[in-house]
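Geometric and topological summary
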Amino acid sequence: MDDLTGFQRDLLYVIAGFERPSGQDIKEEVEEYYSSEINHGRLYPNLDTLVNKGLVEKGQLDRRTNYYAITADGEQAIVDRQEWKSQYIG
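So, a few notes on the structure that sits alongside this text.

Cut-off values and rules
Residues numbered from 1 in each chain as written. Predicted model: local features only at pLDDT ≥ 70, side-chain atom pairs only at ≥ 80, totals over all residues. Heavy atoms only, no water. Helix = DSSP H or I, 4+ residues; strand = E, 2+ residues; numbered from the N terminus. Expected span 1.5 Å × (residues − 1). Buried < 20%, exposed > 50% of the residue type's maximum accessible area, 1.4 Å probe, protein only. Arc of directions from axis to C-beta. Contact = heavy atoms within 4.5 Å. Pairing = 2+ DSSP bridges. Salt bridge = Lys/Arg side-chain N within 4 Å of Asp/Glu carboxyl O.

A few words now on helix 2 (residues 23-34). Counted at 1.5 Å a residue, the expected span for helix 2 with its twelve residues is 16 Å, and the 16 Å between its end C-alpha atoms agrees. Every buried residue belonging to helix 2 is among Gly23, Ile26, Lys27, Val30 and Glu31, and all of these are buried. Axial view of helix 2: buried residues confined to an arc of 130 degrees, hence all on one face. Opposite the buried face of helix 2, at more than 90 degrees from it, the exposed residues are Glu32 and Tyr33. On its buried face, helix 2 is in contact with helix 1 (6-16), helix 3 (40-52) and strand 2 (66-70). Two residues or fewer past helix 2, Ser35 is found with a positive phi of approximately 55 degrees.

Here's what the structure looks like:
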């Protein structure tokens, strides 16, 4: 996870917190956290990066809607990150 941007890490955490969220679901959660609008040109390329790195899988709910799901590698990346952070933050 050390090669991810902070935004990509946030996306990964959001995806891990839901069962197969759509891109729109992820967008709404991140916008709430950031208190600003996230445009599609920022969201979807970053989601694709997570897919390409094998941390997230992308599937199709219907013709227009994709879902995203965390992979075992994505879950392990979160665990590893949490363990690393716990060395510095009690």
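Looking down a regular strand, the side chains alternate between one sheet face and the other. In terms of burial, strand 2 is largely enclosed, as four of its five residues are buried. Both strand 1 (residues 56-60) and strand 2 contribute to a ladder of five bridges, which runs antiparallel. Among the inter-strand pairings, Glu57 is bridged to a residue of strand 2, identified as Ala69. Taking the residues between adjacent antiparallel strands as the criterion, strand 1 and strand 2 are bridged by five residues.

So, on to the pattern of salt bridges. For the coordinates displayed, the defined rule picks out three salt bridges. Two residues, Asp3 and Lys53, come together in a salt bridge whose shortest N-O distance is 2.7 Å. Of the two residues, Asp3 is situated in the segment before helix 1 and Lys53 in the loop between helix 3 and strand 1; the sequence distance between them amounts to 50 residues. The class of Lys53 is partly exposed, set by a relative accessible area of 36%. Lys58 serves as the salt-bridge partner of Asp48, at 3.6 Å between the closest nitrogen and oxygen. Of this pair, Asp48 sits in helix 3 while Lys58 sits in strand 1, and the two are ten residues apart along the sequence. Since its relative accessible area comes to 30%, Asp48 is described here as partly exposed. For Lys58, a relative accessible area of 42% corresponds to the partly exposed category.

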